[in-house]
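Summary of the model geometry
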Amino acid sequence: MKIISQTLLLAIALFTAACSLTERPNSGSENLNADWQFVRIDSSAHIDSMAFAEGRFSSAENVNLPHTPRFEPEVVNDQWQGICYYRRELTLTADDLRRNLFLRFDAAMNEAVVYVNGQEATRHLGGYLPFSVKLNTYVKEGSNIIVVRLDNRDNAITGPKPLKILDFNTYGGLYRSVWLEKRNDVYITDANYVASGDAGIYFRTVGIDEKSAATEVQTNVANESADDVEVMVLNSLVSAEGTVVARQSSKQIVKGASAATFAHNLDFRNPKLWSPHCPYLYSLQTSVFVDGRLTDFRELNVGVRTIEVSAKGLRINGKERFLRGVNRHQEYPYIGYALSDEAQWRDARLIKEAGFDYVRCSHYPPSPAFLDACDKIGILVLDAILGWQYFGDEAFEQHSLDDCHQLLRRDRNHACILAWELSINETRMPSSFTSKIAGIRDTEAPFTYTAGWQKDGYDIFLQARQHRHSVDSMSPLIVSEYGDWEYYAQNAGFNQDGWQDLMQEERTSRQSRDSGDKRLLQQARNIEEAHNDNRLTHAFADGYWVMFDYNRGYSPDFETSGIADIFRLPKPSYYFFASQRNGQKSEPMLYIANTLSDNTLKEIRIFTNCDSVRVEADGKRLAQAPTTMTRVKNPSISFYVDNMPQRIEAMGYIGGKEVVRQERQQPQAPAKLAIDVATTDVDLRAAKNDAVFVYTYVKDANSTVVTTTDMPITLRIVSGDASFITENGYSPELTLTPSAGIAPALLQAGRTAGEITIEATADALQGARKEVVSR
């Protein structure tokens, strides 16, 4: 009888699911990023929020999200802090008012007060994680006014250290998306709105073998009506090719004004597993029915994979792995944190193409779009709460613990999550804090791993190379940072505003892209040496500091240890990491690290993942020097010369066959310009505040970049809906000075999609044009 009942239930589920493919519930999410008004308060003066809500504030600026309160200079030495306001009209129908309405903020920096039609609806503290407010008691049919007051000044409860002594910037504004959620009376709960580990949807892989996979799905459903109702939840796992590989449904009575959790097992044969090398994603489709009517539907990308961490190392899907990784700050020039989702994807793509399979989100939660990209591209993520060199009072401690809950609820369905850094970086934490971490993990995301800067209370020990005095082989280890600080100020401890015993400038890893061959090759040597040293430990992952150059509150200059600058232009060390990929399993690469502009250098360095290389300088074959980097997968290859040649040609071989070749010539006099637009594989998007980097190159007649010129370049938009962003605002034309032969700019698409034509000119040089399409 039980078998018959289950069969009948599955048949009903299949029928209703087929209906759900063509019918969607009259609920969902509406993006509210367009048509806001904005006011920044640059003094201690108080703004009348009611006056602004009613449109009686004449200086308001029309803006779209994501938005930053002030365009900052390229080098930010006085980041804006203060109070600002956002205002938006929200038109609702009578049909809307019959639903449960939520206003969801993906993030707002840092202390937020939300007013709806002049009434305070909610307050939220913290600038990196989402929060929601239920609107029903505040709204009416027709026009409604939303006002958001934000304060991004230093806050002792949220931390981190005050901006003037902070090693990064926190920026401000509504810098991530805002959504209107419309839900029927029976709907899937929001994990970040409901204070319960059961809320929302939670998918996890229970076990795998070569032929089968076992997964679990937990779905929490709310019933906002006064009546008890019978609810059916159907979970379907669908392959990327569109095949349903597993499906299960169940029914239960959900009492009025309450919620219930539905647990399903989705087991299936011949799974395609997620890993950094093969990031295969399934679609988890969750349908909620009442009396055969679809009342809610959600779709999530999920990966089937297992992660096992021990003192012996890391296993992904049962296979031992070492992860080369990098730390990342999410900042862009001029716009701070206000990156579009597409820009987040482009950053992830650059990280993957640089040779990394792992990224540490230092030192705060990343954008959901960045995690989506890591799921899709195949980058494991050490996800983090906010924290750096500061531990406050009891209110701070409780806020940080609350953030741990919220982070896990937001991100636990991402295949890319390696572990949770529920730790205040480089800060001794009390046991009253660390003793609660495992319990939070067990409540919100059981069978996952925590990582911390101290051993007690965490599954994985995070140790920066500069702090390494000994290694405890009994504790799972990630080298959280390396390659920068130990070459910069060995004895300065954590007080970066008290510089002591600085290394010589030419030996530090902090080198700007225009530092010249000698210093940039030293940066690459430091990185290779440190990475080689990390491999002598039992660490299963290491993370170089840092991917991109960045601004910091305490210093009036860039932190330039990035393997690319803040405009995402690579330095030679970028290609060292790219060379660590297996040349037989991935694309063969070879990179000549010298520009040949420095005639005092006696070394030519090659980065490659080939078995062997042949290098000719002015037609003469060079002898390869031995290496001491025995633990690096593909050590750099050096060739020494008496004088820097005019021309170098390098050939890479795998299995005795030439697979890649590169040529470099000494740059001659500037002759022409060239333009490149860094969209990677993500199109520029109109009407989304999407921005991409435009690079103008100064080249000689042989198309070699001339790294020593500083001639002014005029860059302008000839046609199309777009603008350049500068610290002074939007402009159709810029005058730029190239750095190391390249002049970068930031281009933002307008509201109208179409072709954008960019033109670059300079005196006595052949100009250039470039078309880019916004979609």
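About the criteria used
Residues numbered from 1 in each chain as written. Predicted model: local features only at pLDDT ≥ 70, side-chain atom pairs only at ≥ 80, totals over all residues. Heavy atoms only, no water. pLDDT = per-residue confidence, 0-100. Contact = heavy atoms within 4.5 Å. Helix = DSSP H or I, 4+ residues; strand = E, 2+ residues; numbered from the N terminus. Expected span 1.5 Å × (residues − 1). Buried < 20%, exposed > 50% of the residue type's maximum accessible area, 1.4 Å probe, protein only. Axes fitted to C-alpha atoms, helices over the stretch in contact; angles between N-to-C directions. Parallel < 35°, antiparallel > 145°, perpendicular 65-115°, else oblique. Left-handed = near helix turned anticlockwise from the far one by under 90°. Nonpolar A, V, L, I, M, F, W, Y, C, P; charged D, E, K, R; others polar. Phe/Tyr/Trp six-rings, centres within 6.5 Å; stacked < 30°, edge-to-face > 60°. 1 Å grid on protein atoms, 1.4 Å probe; cavity = no way out; pocket = protein on both sides within 12 Å on 5 of 7 lines; lining within 4 Å. Points joined across faces, edges and corners; volume = space filled by probe spheres on them. Pairing = 2+ DSSP bridges. Polar contact = N/O pair within 3.5 Å; in protein donor to acceptor, adjacent residues only side chain to side chain.

1. What about the confidence of the model for the protein?
- With 93% of its residues at a pLDDT of 70 or more, the protein shows a mean pLDDT of 93.
- Here residues 1-13 is modelled with pLDDT under 50, and outside its nearest four sequence neighbours on either side it reaches 7 contacts, counting other chains as well.
- Note that residues 15-22 has pLDDT below 50 and, in this model, 9 contacts with residues that lie over four places away or in other chains.

2. Let's talk about helix H10 (residues 517-534)
- The terminal C-alpha atoms of H10 lie 26 Å apart, and with 18 residues this matches the ideal 26 Å at 1.5 Å per residue to within 8%.
- All buried positions along H10 are accounted for by Asp517, Leu520, Leu521, Gln523, Ala524, Asn526, Ile527, Glu528, Ala530, His531, Asn532 and Asn534.
- Where H10 is buried, its residues contact strand E22 (323-328), strand E28 (477-482), helix H9 (485-488), strand E29 (541-544), helix H11 (572-578) and strand E33 (603-608).

3. Remarks on the packing of helix H4 (residues 341-353) against helix H5 (residues 368-377)
- For the pair H4 and H5, interaxial distance at closest approach is 8 Å and the crossing angle is 40 degrees. The angle between the axes of H4 and H5 places the two elements in the oblique class. Relative to H5, the crossing made by H4 is right-handed. Contact residues: H4 offers Asp341, Gln344, Trp345, Asp347, Ala348, Arg349, Ile351 and Lys352, while H5 offers Ala369, Phe370, Asp372, Ala373, Lys376 and Ile377.
- Residues of the contact of H4 with H5, tallied by class, amount to 7 nonpolar, 1 polar and 6 charged.

4. Here's the deal with the packing of aromatic side chains
- With the rule as written, the count across this model stands at 31 aromatic pairs.
- An angle of 50 degrees between the planes, with centres 5.7 Å apart, marks the rings of Phe168 and Tyr364 as tilted. Taken as a pair, Phe168 in the loop between strand E9 (142-151) and strand E10 (178-183) and Tyr364 in the loop between strand E23 (358-361) and H5 lie far apart in primary sequence, 196 residues in all. Accessibility assignment for this pair places Phe168 and Tyr364 in one class, buried.
- Relative to Phe396, the ring of Tyr390 lies with its centre 5.2 Å away and its plane at 90 degrees, an arrangement referred to as edge-to-face.
- You can call Tyr390 partly exposed: its relative accessible area is 21%.
- Note on Phe396: relative accessible area 2%, which makes it buried.

5. Let's talk about the layout of surface pockets
- Empty space within the largest pocket amounts to approximately 1500 Å³.
- Mapped by element, the contributors of at least two residues to the lining of the largest pocket are strand E1 (28-31), strand E5 (100-105), E10, strand E11 (186-188), strand E18 (293-302), H4, H5 and helix H6 (394-411).
- Looking at the second largest pocket, its volume works out to about 1200 Å³.
- Along its surface, the second largest pocket is lined by 41 residues, and Pro570, Tyr575, Tyr591, Ile592 and Arg664 are the ones closest to its centre.
- Looking at the lining of the second largest pocket, the elements with two or more residues in it are H4, H10, H11, strand E32 (590-592) and strand E38 (657-665).
- At 4 residues, the largest contribution of residues to the lining of the second largest pocket is made by H11.

6. Focus: the sheet that holds E18
- Taken together, the 4 strands give an open sheet; going across it, the order is E15-E14-E17-E18, and neighbouring strands pair in antiparallel fashion. The outermost strands of the open sheet, each flanked by one partner alone, are strand E15 (244-254) and E18. Taking each pair of neighbouring strands and ignoring which way they run, the sheet shows an average axis angle of 15 degrees.
- Relative to strand E17 (residues 282-290), strand E14 (residues 229-238) runs antiparallel, the two sharing 8 bridges. Its bridge partner lying in E17, Met232 is registered against Phe289.

7. Here's the deal with empty space enclosed by the protein
- Overall, the coordinates contain 3 cavities of 30 Å³ or more when judged by the stated rule.
- What the second largest cavity holds in volume is close to 130 Å³.
- As for the second largest cavity, its lining consists of 17 residues, and the residues nearest its centre are Asn152, Arg153, Gly159, Pro160 and Thr170.
- The residue makeup of the lining of the second largest cavity, split by class, is 7 nonpolar, 7 polar and 3 charged.

8. A word on unusual backbone geometry
- Of note, the bond from Leu65 into Pro66 is cis; its omega dihedral lies within 30 degrees of zero at 0 degrees.
- Position of Pro66 among the secondary structure elements: in the loop between strand E3 (61-63) and strand E4 (83-92).
- The phi angle at Tyr334 is positive, at roughly 70 degrees, despite the residue not being glycine.
- As for its position among the elements, Tyr334 is in the loop between E22 and H4.
- Given the relative accessible area of 13%, Tyr334 is considered buried.

9. Focus on the pairing of E4
- The element E4 is extensively covered by neighbouring structure, given that 8 of its 10 residues are classed as buried.
- The pairing of strand E2 (residues 36-41) with E4 spans 5 bridges and is classified as antiparallel. Bridge pairing in E4 places Val39 opposite Tyr85.

10. Structural notes on the side chain of Asp565
- Relative to the elements of secondary structure, Asp565 occurs in the loop between strand E31 (555-559) and H11.
- Classification of Asp565 by relative accessible area gives buried; the value is 8%.
- Only 2.9 Å separates the side chain of Asp565 from the backbone nitrogen of Leu569, close enough to count as a polar contact.
- The contact partners of Asp565, leaving out residues within four places of it in the chain, are Arg513, Phe548, Asp549 and Lys571.

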